[in-house]
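Architecture at a glance
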Amino acid sequence: MTYHVNEKGYYGEFGGAFIPEMLYPNVEELRQKYLEIMKEDSFQREFHQLLKDYVGRPSPLYFAKRLSEKHGTKIYLKREDLNHTGAHKVNNTIGQILMAKRLGKTRIIAETGAGQHGVATATVCALMGMQCIVYMGEIDIARQAPNVARMKMLGAEVRPATSGSKTLKDATNEAIRDWINNPVHTHYIIGSAIGPHPYPDMVTRFQSVISEEIKWQLKEKEGRENPDYVIACIGGGSNAAGTYYHFLDEPEVGIIAVEAAGKGIESGESAATSALGKLGIIHGCKTMLMQTPDGQITEPYSISAGLDYPGVGPMHSHLYRSGRAEFYSATDDEAMTAGLELSQLEGIIPAIESGHAFAIFQHKKFKPDDVLVISLSGRGDKDLRTYIDYFKLA
Amino acid sequence: MNNRIVHKLNSDKKLLSIYFTAGYPSLNNTVQIIEELERNGVDMIEIGLPFSDPLADGPTIQESSTAALKNGMTTEVLFNQLKDIRNTVSIPLIIMGYFNPVLQYGVEAFCRKCQEIGIDGLILPDLPLDVYESEYREIFEKYGLVNVFLITPQTSEERIHQIDKASNGFIYMVSSASVTGSKSGFGSEQEAYFERIASMNLKNTQIVGFGIKDAETFQQATKKAKGAIIGSAFIKYLTEKGEKNISEFIKSIR
């Protein structure tokens, strides 16, 4: 069993490129060139130099002593929250902006939900002097004002998506439409491990620096490269894909994914795709997604905008279907409680997305000598408003 | 292939084809709109099966799709509305939509139903050529359905030949790099593109879509191509004038 993409762009039965012909030349160009470009010495040098000097990598692997004592197991945190711009998203945008430059593109578009990927894209566009347009749902623009301001300050144009539910799914539709309308000079930086092949694989490879570092960092600390478990939250699944990547073929490493259950899987307000989804096509790939029996894509719900997506990347659908990964889901309340616990035990306020990964302890018991690595995918600054309202802090 | 589309393409006139979203402006006027279009001399109809996330469509068709879904349109409802359509309508009928609703209905079940009703072809822009060829071609052919592929000004010559080879009706020629309903008139760039495709001597004729909205653009588009498809402009007209004055719209085109 392979957990990697095959030459046709599939992970098992998931993946592919279900795109209108208008997108074919761009996606095909990318498909033909992405591996070759990524292998170039000059690309690798520039990518790793920027990750080091600009992003601040390697991100620390931190042994969380008090959290470990609390849950009776050994817990390491992979500190993606300490990256420049505050989350793992920038690993991918650095990679893709370098890719765009080598493809001769001069204009960048992106979609964003909470604004983290939008900020990470606006950041690298400023760095490279490229025009940047970020599509964001009208509703998200209203509830994520600080990130909208950040993008504008970085020189990006933020365009509201006013169709459908006016959130991430619709922002993605608008970005795809922009690409159809501007087929020659534009590169679309997708922010998650979704979209038509080769996007899920390309994004995963850029994010795989996370697990590459975990291996040597854990070797230093524990004398072994492989933990017993790697744990990450999943929306589209880019931080999870990067956290799992170098452990996919190591059967002794357990892979755990935590989805957003919202107000509960059965509540009608949820984003737990593995529990509620069915095979279908969303944003150019065949994967598990939440939909009506008639094939209309439904509106997800989660308190965390970054997990508020009705699908999951095709690699993750395959990990779920094949049984390679264990899938759990955490409700809003469980994630918020876990976020508060991490804040008060370790002095780290996580993004609410990452809080879902820490809610695993409300669902699964680990052994005292288990070694866990949890992806702390982002910091909680952007979520302060939500924390304030939820915990009545002000 | 013995199919109404193929027969129609063999006639010597330029073809006017109209797209509308099933279930818009109101749920139950699908049959009425189709009959009215035929009565007014329209040659072929694309019946839009609405989808929640129509990636290749501009605001007009998006909004009509959202409204149609809200009105209660589903695949099953549409098939029920169309079950007796061949008692009254004889021009070619094509269902146009996105692949996911077809996949959920079951591709073979969908095609079988189309044949029962008398649907002649499908246009599914996000069903890619290679997947069609390897997984679905046999099913489409078994049920006598023409599958229509799109080409755009960016489509390479090599790929146009592949698409031509895989097609068994006509090629849907997207007039410019755009989603539906977004261009105002055709310039020299489009004319050069129309000319370039015409000179390729493809086995399938071409019908132009995207950006056709009035008599002028219809004439420009059909100077070289066999016909043209009007979608967004017709939907806008329905929004403003309702279903009663369809003849007025068609007369304004030719």
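What you see as residue numbers is a count from 1 along each chain, following the sequence as written. Here every chain gets a letter starting at A, and every ligand a number starting at 1, in the order they are written. pLDDT decides what is reported in this predicted model: residues at 70 or higher carry local features, side-chain atom pairs at 80 or more are listed and counted, and totals for whole chains, interfaces and linings draw on all residues regardless. Where side-chain values are given, they derive from all heavy atoms of the structure, hydrogens and water being excluded.

Quick look at the overall build of chain A now. Helix numbering and strand numbering both begin at the N terminus, where a helix is a DSSP run of H or I of at least 4 residues and a strand a DSSP run of E of at least 2. In terms of regular secondary structure, chain A is built from 16 helices and 14 strands. C-alpha atoms of chain A, sized along the principal axes, occupy 55 × 45 × 40 Å. Contacts between residues were defined by any pair of non-hydrogen atoms, one from each residue, lying within 4.5 Å. Contacts spanning at least 24 positions in sequence make up 74% of the contacts within chain A whose residues lie at least 6 apart. Each accessible area is a Shrake-Rupley estimate made with a 1.4 Å probe; only the visible protein chains count as cover when residues are assessed. If you sum the accessible surface of chain A, you get close to 13,700 Å²; carbon and sulfur atoms cover 52% of it. In chain A, 42 side chains carry a positive charge and 48 a negative one; their mean positions are 2 Å apart. We count Lys and Arg on the positive side and Asp and Glu on the negative side, and we leave His and both chain ends out. Charge positions come from single atoms, namely NZ of Lys, CZ of Arg, CG of Asp or CD of Glu.

Here we come to the overall build of chain B. Along its length, chain B carries twelve helices and nine strands. Note on method: radius of gyration uses C-alpha positions; expected globular size equals 2.2 Å times residues raised to 0.38. Rg of the C-alpha trace for chain B: 17 Å, near the compact-globule value of 18 Å for 254 residues, within the 12% margin. Considered along the principal axes of its C-alpha atoms, chain B spans approximately 45 × 40 × 35 Å. Only protein chains enter the area calculation, which uses a 1.4 Å probe; residues under 20% of their type maximum are buried, those over 50% are exposed, and those in between are partly exposed. Taken across its 254 residues, chain B has 61% of its residues classed as buried. Counting contacts in chain B only where the partners sit at least 6 residues apart, residues at least 24 apart contribute 75% of the total. Once the 26 positive and 31 negative side-chain charges of chain B are each reduced to a mean point, those two points are 4 Å apart.

Turning to the packing of helix α6 (residues 107-117) of chain B against helix α7 (residues 129-142) of chain B, a few remarks are in order. All names here are of chain B. The axes used here are C-alpha line fits, helices contributing only the stretch in contact, and every angle between their N-to-C directions lies in the interval 0 to 180 degrees. Close contact between α6 and α7 brings their axes to 9 Å; oriented N to C, the two are set at 20°. The orientation of α6 relative to α7 falls into the category roughly parallel. Our pair here, α6 against α7, has a crossing hand that is right-handed. Every residue of α7 that contacts α6 at V107, E108, C111 and Q115 is listed here: Y136, I139, F140 and K142. Ten residue types, Ala, Val, Leu, Ile, Met, Phe, Trp, Tyr, Cys and Pro, are classed as nonpolar, four, Asp, Glu, Lys and Arg, as charged, and the remainder, Gly among them, as polar. For the contact of α6 with α7, the per-class residue count stands at five nonpolar, one polar and two charged. In what follows, roughly perpendicular refers to angles from 65 to 115 degrees, roughly parallel to angles under 35, roughly antiparallel to angles over 145, and oblique to any angle outside these ranges. The sense of a crossing depends on the near helix, which, turned anticlockwise from the far helix by less than a right angle, makes the crossing left-handed and, turned clockwise, makes it right-handed.

Residue and element names in this part refer to chain A. Only when DSSP finds a minimum of two bridges between them are two strands counted as paired. With mixed pairing, the six strands of this open sheet are ordered in space as β3-β4-β14-β9-β10-β13. The sheet is open, and its two borders are formed by β3 (61-63) and β13 (325-331), each paired with just one other strand. The average angle at which neighbouring strand axes cross in this sheet is 25°, direction not considered. The pairing of β3 with strand β4 (residues 74-79) spans three bridges and is classified as antiparallel. Residue pairing across strands places F63 opposite Y76, the latter belonging to β4. With respect to the sheet, helix α10 (residues 209-222) is in contact with β3, β4 and β14 (371-376), its orientation differing from that of β4 by roughly 135°.

Let's shift gears to the pairing of strand β9 (residues 227-230) of chain B. Along any regular strand the residues' side chains alternate between the sheet's two faces. Residue and element names in this part refer to chain B. Neither face of β9 is left uncovered, since the one carrying G227 and I229 and the one carrying A228 and I230 both have all their residues buried. Examined bridge by bridge, strand β1 (residues 15-21) and β9 share four bridges and lie parallel to one another. In the strand pairing of β9, I18 is matched with I230. Of the pairings in the sheet, the one linking strand β8 (residues 205-209) to β9 comprises two bridges and is parallel in character.

With that out of the way, let us pick up unusual backbone geometry. Cis geometry is adopted by the peptide bond preceding P198(A), which originates at H197(A) and carries an omega value of 15°. Here P198(A) lies in the loop between β8 (186-189) and α9 (199-207). Cis geometry marks the peptide bond from Y24(B) to P25(B), where omega comes out at 0°. Assignment of secondary structure puts P25(B) in the loop between β1 and α2 (30-39). Phi at H283(A) is positive, roughly 45°, even though this residue is not glycine. Inspection of the secondary structure assignment puts H283(A) in the loop between β11 (278-282) and β12 (285-289). What makes H283(A) buried here is its relative accessible area of 5%.

For this analysis, a ring pair means two rings from Phe, Tyr or Trp (six-membered ring only for Trp) whose centres lie within 6.5 Å, classed as stacked if their planes differ by under 30 degrees, edge-to-face if by over 60, and tilted for the remaining angles. Taken as a whole and assessed by the stated rule, the structure comprises 25 aromatic pairs over all chains. Every member of this aromatic cluster is reached through a ring pair, and the members are F18(A), F99(B) and Y136(B).

Further remarks concern the pairing of strand β5 (residues 107-112) of chain A. Residues and elements named next belong to chain A. The buried fraction of β5 amounts to six of the six residues, a majority that puts the element mostly inside the structure. Sheet topology places β5 next to strand β6 (residues 131-137); six bridges connect them, and they run parallel. Looking across to β6, one finds that R107 is bridged to Q131. Taken together, the four bridges between β5 and β8 define a ladder with parallel strand orientation. What sits directly across from I108, in β8, is H187.

With that settled, the discussion passes to helix α2 (residues 41-55) of chain A. Residues and elements named next belong to chain A. An expected span of 1.5 Å times one less than the residue number is assigned to each helix. Across its 15 residues, α2 extends 20 Å between first and last C-alpha, which sits within 8% of the 21 Å expected from 1.5 Å per residue. Where α2 is buried, its residues touch α1 (24-39), α4 (89-102), α5 (116-128), α9 and α10. Of the residues one or two after α2, G56 is the one with positive phi, at around 95°.

The next subject is the confidence of the model for chain B. Per-residue pLDDT for chain B has a mean of 95; in total, 99% of the residues score no lower than 70. With a pTM of 0.97, the predicted complex shows an ipTM of 0.95. pLDDT measures the predictor's confidence residue by residue and takes values from 0 up to 100.

Bringing the interface of chain B and chain A into the picture now. With 36 residues of chain B at the interface, the matching set in chain A holds 32 residues. Buried area between chain B and chain A, both sides added, is near 2,700 Å², and the carbon and sulfur share of it is 54%. Of all residues in chain B, D53(B), L55(B) and Q104(B) give up the largest surface area on contact with chain A, accounting jointly for 24% of the area buried on that side. Just to be clear on terms, a salt bridge is a Lys or Arg side-chain nitrogen sitting within 4 Å of an Asp or Glu carboxyl oxygen. Counting every contact that joins chain B to chain A gives two salt bridges. As a salt-bridge pair, R159(B) and E21(A) come within 2.6 Å of each other at their nearest N and O atoms. Each polar contact in these results corresponds to two N or O atoms within 3.5 Å; when the atoms are within protein, one needs to be able to donate a hydrogen and the other to accept it, and residues that are neighboring in sequence are counted only if both atoms are side-chain atoms. Counting every contact that joins chain B to chain A gives 18 residue pairs in polar contact (both at pLDDT 80 or more). Defined here as a combined quantity, buried area equals the accessible surface (1.4 Å probe) lost by two parts on assembly, summed across both.

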